[in-house]
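Now for the letters of each chain:
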Amino acid sequence: MHIQMSLHYRPVRHLSTSECQGSMVKKKRLRLIAEMARKIRAYRELKNRPQDSQRYALDYDTMTRPFTGKKLPVLAWKDVRQETRLFTLLAGMRMFGVGRLFTRKSWLDEHTEPCYWKITKVKVDYTAENMDHGKAWGILTFKGNEESGEREVDKVMYHDWRLVPKHEEEVFKRCEPVPEPPVRYARYPPLLRAMILAQQAKQLGLDASTIPEPSLPLKQDVLLKNEYFRNQGEKNKQEGTPV
């Protein structure tokens, strides 16, 4: 009896280095319950976060915020007793003051040019008593220069906000530009002056005696990015409490 056997050749495929490493790495297990628990904790923290009415509540007898236990600076006590916050003014106005002009006492004392906010949008915290907390947006005019876009009004919890009366808005918005004083210059120190003259003479190929005297301007315009002011605001929040 003859037995016929058929042998089929099957080529062997060699695995690449990445496939070998991938086959050796253990697959990451999906922990669905742990991920769901993390989302639930994050949602509860977001839901239970303190409202602005709780954070900025103030005991006017002790000048202390009950939520943080911090006491206001003594220099701010007078303004706290005599002035009002922005939302205290907005809560008693029609349409929550949208379209009206608001300024601050500190601006009136420090600047002769008009400084004010024109309110464009208000989001009220209806859980607060008397609805005197929330967020507001508007267009800022600072020292007579109006910004192009709308942004959130900052320092709404400060006690120095004032409403510009309707019949005084046009007069209040008038701005007479003040001419800037001329830039003054100072002479360089002798050694630095000699180095600058020598460098300019070498670059221009002239005699140092024929080059104009270099001078140092006493005024320089420094452009600060928004990140600088944002970091300063976060630093102030950590160190103290708003007025």
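Everything discussed here concerns the structure shown above.
A. Looking closely at helix H8 (residues 190-204). The end-to-end C-alpha distance of H8 is 21 Å, a good match for the 21 Å that 15 residues give at a rise of 1.5 Å each. Along H8, the positions that sit buried rather than exposed are Ile-196, Leu-197 and Ala-201. Down the axis of H8, the buried set is contained in an arc of 130°. They therefore lie on one face. Of the residues in H8, the exposed ones pointing more than 90 degrees away from the buried face are Leu-191, Met-195, Lys-202 and Gln-203. Once H8 finishes, Gly-205 follows within two positions and takes phi at roughly 70°, a positive value.

B. Structural detail: the pairing of strand E3 (residues 134-142). Across eight bridges, the pairing between strand E2 (residues 116-124) and E3 is antiparallel. Across the sheet, residue Val-124 finds its bridge partner in E3, namely Gly-134. Inspection of the sheet shows E3 paired to strand E5 (residues 151-152) by two bridges, in the antiparallel sense. Residue Gly-138 lies in a different strand from E5, and its bridge partner there is Arg-151. Examined bridge by bridge, E3 and strand E4 (residues 145-146) share two bridges and lie antiparallel to one another. Along E4, the bridge assignment pairs Phe-142 with Asn-145. The turn linking E3 back onto E4 is made up of two residues, and Lys-143 within it adopts a positive phi angle of 55°.

Reading the values: the criteria
Residues numbered from 1 in each chain as written. Predicted model: local features only at pLDDT ≥ 70, side-chain atom pairs only at ≥ 80, totals over all residues. Heavy atoms only, no water. Helix = DSSP H or I, 4+ residues; strand = E, 2+ residues; numbered from the N terminus. Expected span 1.5 Å × (residues − 1). Buried < 20%, exposed > 50% of the residue type's maximum accessible area, 1.4 Å probe, protein only. Arc of directions from axis to C-beta. Pairing = 2+ DSSP bridges.

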